[in-house]
Amino acid sequence: AAGVIQSPRHLIKEKRETATLKCYPIPRHDTVYWYQQGPGQDPQFLISFYEKMQSDKGSIPDRFSAQQFSDYHSELNMSSLELGDSALYFCASSEGVGKLFFGSGTQLSVL
Amino acid sequence: GESVGLHLPTLSVQEGDNSIINCAYSNSASDYFIWYKQESGKGPQFIIDIRSNMDKRQGQRVTVLLNKTVKHLSLQIAATQPGDSAVYFCAENLDSYTGNQFYFGTGTSLTVIP
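What counts, and at which threshold
- Residues numbered from 1 in each chain as written.
- Chains lettered and ligands numbered in written order.
- Predicted model: local features only at pLDDT ≥ 70, side-chain atom pairs only at ≥ 80, totals over all residues.
- Heavy atoms only, no water.
- Contact = heavy atoms within 4.5 Å.
- Buried area = accessible area lost by both parts, 1.4 Å probe.
- Salt bridge = Lys/Arg side-chain N within 4 Å of Asp/Glu carboxyl O.
- Polar contact = N/O pair within 3.5 Å; in protein donor to acceptor, adjacent residues only side chain to side chain.
- Helix = DSSP H or I, 4+ residues; strand = E, 2+ residues; numbered from the N terminus.
- Pairing = 2+ DSSP bridges.
- Axes fitted to C-alpha atoms, helices over the stretch in contact; angles between N-to-C directions.
- Buried < 20%, exposed > 50% of the residue type's maximum accessible area, 1.4 Å probe, protein only.

Draft legend 1. Inspection of the interface of chain A and chain B at higher detail. The partner chain B presents 20 residues to the 21 residues of chain A that form the contact. Buried area between chain A and chain B, summed over both chains or domains, comes out near 1600 Å², and the portion from carbon and sulfur atoms is 56%. Broken down residue by residue, the surface that chain A buries against chain B is led by A:Val97, A:Lys99 and A:Phe102, which jointly contribute 31%. Applying the counting criterion to the chain A and chain B interface returns zero salt bridges. Linking chain A with chain B are five residue pairs in polar contact (both at pLDDT 80 or more), by the criterion used here. Broken down by secondary-structure element, the contributors of at least two residues to the side of chain A that touches chain B are β4 (31-37), β6 (53-57) and β9 (87-94) of chain A.

Quick look at the structure:
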């Protein structure tokens, strides 16, 4: 069965650079979520989109933005990267209100 | 966000024994809960879910119990196997009828001893 696909798998950036993470949800899933997970931490909700509109907002920094496109894929844009942004970034998708299915994540390292 | 916490950060069990992982949640309005399993370097994997109108739900080798009175959730794994070694998270949805924002608690690391 198709799963949530994220790219890239790993990303290395320097401070103050920008990064773009991509997420392709499970086909027919209309809702996409972004989570950030630091080492040994629980996933922290950043933002979600339903039918290409932002639906919920969590602890997403102002330096980050995201959007969902007409094909339902989503991108998380991160600017002015800081060392503390180093983390695993997960995308999840769901069909309406329901269980979330997660991708394998993007490991972002900011040097 | 709301606090969802686990009682124990680590749990070690012998292969074949049953495992019980606990979770306390703070918001009595939460109406939907999911248990996730996360292996190292991988995304959280759905195990089982339960809605607030139920107090027990069973899956394959797993059972989730919900006690709304004390705001407690538990995951029982029967006949634990080495492949069950992972970090387990509970996640709560404050209002699944109007939104789908899940809050994760601190994970419990389960180690299965062969």
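Draft legend 2. View of the sheet that holds strand β1 (residues 5-7) of chain A. All names here are of chain A. Strands sit in the order β1-β3-β8-β7 across an open sheet of four strands; the sheet is antiparallel. In this open sheet, the two edge strands, each paired with only one partner strand, are β1 and β7 (64-68). Each neighbouring strand pair of the sheet contributes to a mean axis angle of 15°, computed without reference to strand direction. In the sheet, β1 pairs with strand β3 (residues 19-24) via three bridges, with the strands oriented antiparallel. Paired with Gln6 across the two strands is Cys23, which belongs to β3.

Draft legend 3. Structural context of the pairing of strand β9 (residues 86-93) of chain B. All names here are of chain B. The buried count for β9 comes to seven of eight residues, which makes it a mostly enclosed element. Two elements, strand β4 (residues 32-38) and β9, share seven bridges in a ladder whose sense is antiparallel. Directly across from Gln38, in β9, lies its bridge partner Val87. Alignment of β9 against strand β11 (residues 108-113), held across three bridges, turns out to be antiparallel. Note on β11: the bridge partner recorded for Val87 is Ser109. Judged from the three bridges that link them, β9 and strand β10 (residues 102-104) form a sheet pairing that is antiparallel.

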